[in-house]
Amino acid sequence: MLTGASLSCFELQSLPSETLTQLNRIARNTDKRFRSLPRLRTPLPSLEELQKKSWPSDYVVMARGPSFFRKDYVSKLKLAREMGHKFALICADGVAAPCLAAGLIPSLIVTADPSIRILRWFGDVTGVTDEDEYFLKDRDSPKDSKVLLPREYVVELFDSYGQDLKVAVNVFTNPEVLKRLKRIGAELYAYLPMSEDGVFMKELWNSYPDYIAVNAGGNVGTCSYTIAQFLGAKRIGLAGFDFGYPPGTPLEETQYFDMIQSHPELAERMFSKVHN
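Note that the coordinates shown come from a computational prediction; the quantities given were computed from them, not determined experimentally. (Residues numbered from 1 in each chain as written. Predicted model: local features only at pLDDT ≥ 70, side-chain atom pairs only at ≥ 80, totals over all residues. Heavy atoms only, no water.)

(A) Up close: the overall build of the protein. Each helix and strand in the protein was counted, giving 12 helices and 10 strands. Across the 276 residues in the protein, those meeting the buried criterion constitute 46%. When contacts within the protein are restricted to residue pairs at least 6 apart in sequence, long-range pairs at least 24 apart make up 67% of them. As displayed, the protein has an accessible area near 14500 Å², and 52% of this comes from carbon and sulfur atoms. (Helix = DSSP H or I, 4+ residues; strand = E, 2+ residues; numbered from the N terminus. Buried < 20%, exposed > 50% of the residue type's maximum accessible area, 1.4 Å probe, protein only. Contact = heavy atoms within 4.5 Å. Areas by Shrake-Rupley, 256 points an atom, 1.4 Å probe, with all protein chains shown as cover.)

Put into structure tokens, the structure is as follows:
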């Protein structure tokens, strides 16, 4: 399995000055990007409101890693529910449609990415192309065809199940995504994505004093796990959390390789091969 690896402080110090400059530039651009994003204007209930509801002590948090398809977690969890097992199912946005297609209703769907492409997970009605690099690399193994459900089918699923769904959104969720979720009648609960920029975080808290801050961890899977803990989970099972790519995946086919392709030597150091 190809997995991402963090660079230690000592490793960072040993990088060429040009590479360090590039990394700092990426970090600054990320901060600027978030500051320039449209923010939530219409008040929504806080994620804290969900904490007041009755939840089971056992949780399953499901993400869209490669094993999500290969191990058919949806069928297994549906069978577990039919057998009477009580658990809350927290789903990353990308796995919600396959769950609904099987009649497995998530207890909560979590979305974190501010991009409009996330609309594809909820039934895109604006025409965002599936030729986006993000979706072209969405595969359960390097040689398999795309595993995206047909666009029209996803629209039908969410139109049918919308009023049964609860969705956690953040203040940077794309306005088109919010419109879509409101249109289908989903219950929406808002949170603040935690930032390491103290000044920016204070600005967000001043703007949204009723919302809790969630350590999103840089991806919707980790964000879903954090929210499960916040809701009071005693035991958490993880499904579809691979923390890596299937064996044989070339570096250039990893999800965000385009961000570091100008420094391939850095990519080699950020990824390692492990046997899991």
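Additional details are given in the paragraphs that follow.
(B) Structural detail: the pattern of salt bridges. Summed over the entire model, instances satisfying the criterion amount to six salt bridges. Here Asp58 and Arg235 are joined by a salt bridge, their closest N and O atoms 2.8 Å apart. Placement of the pair is Asp58 in strand β2 (residues 58-62) and Arg235 in strand β8 (residues 235-239), with a sequence separation of 177 residues. Classification of Asp58 by relative accessible area gives partly exposed; the value is 21%. Taking the shortest distance from any N to any O, the salt bridge between Glu176 and Lys179 comes out at 3.4 Å. Residue Glu176 and its partner Lys179 are located together in helix α9 (residues 175-183), separated by three residues, close to a single helical turn. (Salt bridge = Lys/Arg side-chain N within 4 Å of Asp/Glu carboxyl O.)

(C) Looking closely at the pairing of β2. Counting buried positions over the five residues of β2 gives four, a clear majority of the element. As defined by bridge partners, β2 adjoins β8 across five bridges and the pair is classed as parallel. The residue of β8 that forms the bridge with Met62 is Ala239. Sheet analysis places β2 next to strand β3 (residues 88-92), joined by four bridges and oriented parallel. Within β3, the position partnered with Met62 by the bridge is Cys91. (Pairing = 2+ DSSP bridges.)

(D) Quick look at helix α11 (residues 220-230). Every buried residue of α11 is listed here: Gly221, Cys223, Ser224, Ile227 and Ala228. Take α11 and look down its axis: the buried residues cluster within an arc of 160 degrees, on one side only. Looking at where α11 begins, the residue whose side-chain oxygen comes 3.1 Å from the main-chain nitrogen of Gly221 is Asn219. Downstream of α11 by a residue or two, Gly232 has a phi angle that is positive, lying close to 105 degrees. (Arc of directions from axis to C-beta. Polar contact = N/O pair within 3.5 Å; in protein donor to acceptor, adjacent residues only side chain to side chain.)

(E) Broad picture of the sheet that holds β8. Sheet architecture is open: seven strands sit in the order β7-β6-β5-β4-β3-β2-β8, paired in parallel fashion. Two strands bound the open sheet, and with one partner strand each, they are β7 (213-214) and β8. On top of the sheet, helix α5 (residues 73-82) reaches β2, β3 and β8; it is set at about 160 degrees to β2, its chief contact. (Axes fitted to C-alpha atoms, helices over the stretch in contact; angles between N-to-C directions.)

(F) Representation of the side chain of Thr173 within the structure. Turning to its location among the elements, Thr173 is positioned in the loop between β5 (166-170) and α9. In terms of polar contacts, Thr173 uses its side chain to reach the backbone amide nitrogen of Asn170, at 3.0 Å. Setting aside residues up to four positions removed in sequence, Thr173 forms contacts with Thr111 and Leu178.

(G) Examining the environment of Leu44 more closely. Structurally, the position occupied by Leu44 is in the loop between α2 (17-36) and α3 (48-51). Judged by its relative accessible area of 15%, Leu44 is buried. Through-space distance from the C-alpha of Leu44 to that of Val169 is 9.4 Å; in sequence the pair is 125 residues apart. Sequence-distant contacts of Leu44, that is, excluding residues within four places in its chain, are made with Val169, Lys182, Leu188, Ala190 and Tyr211.

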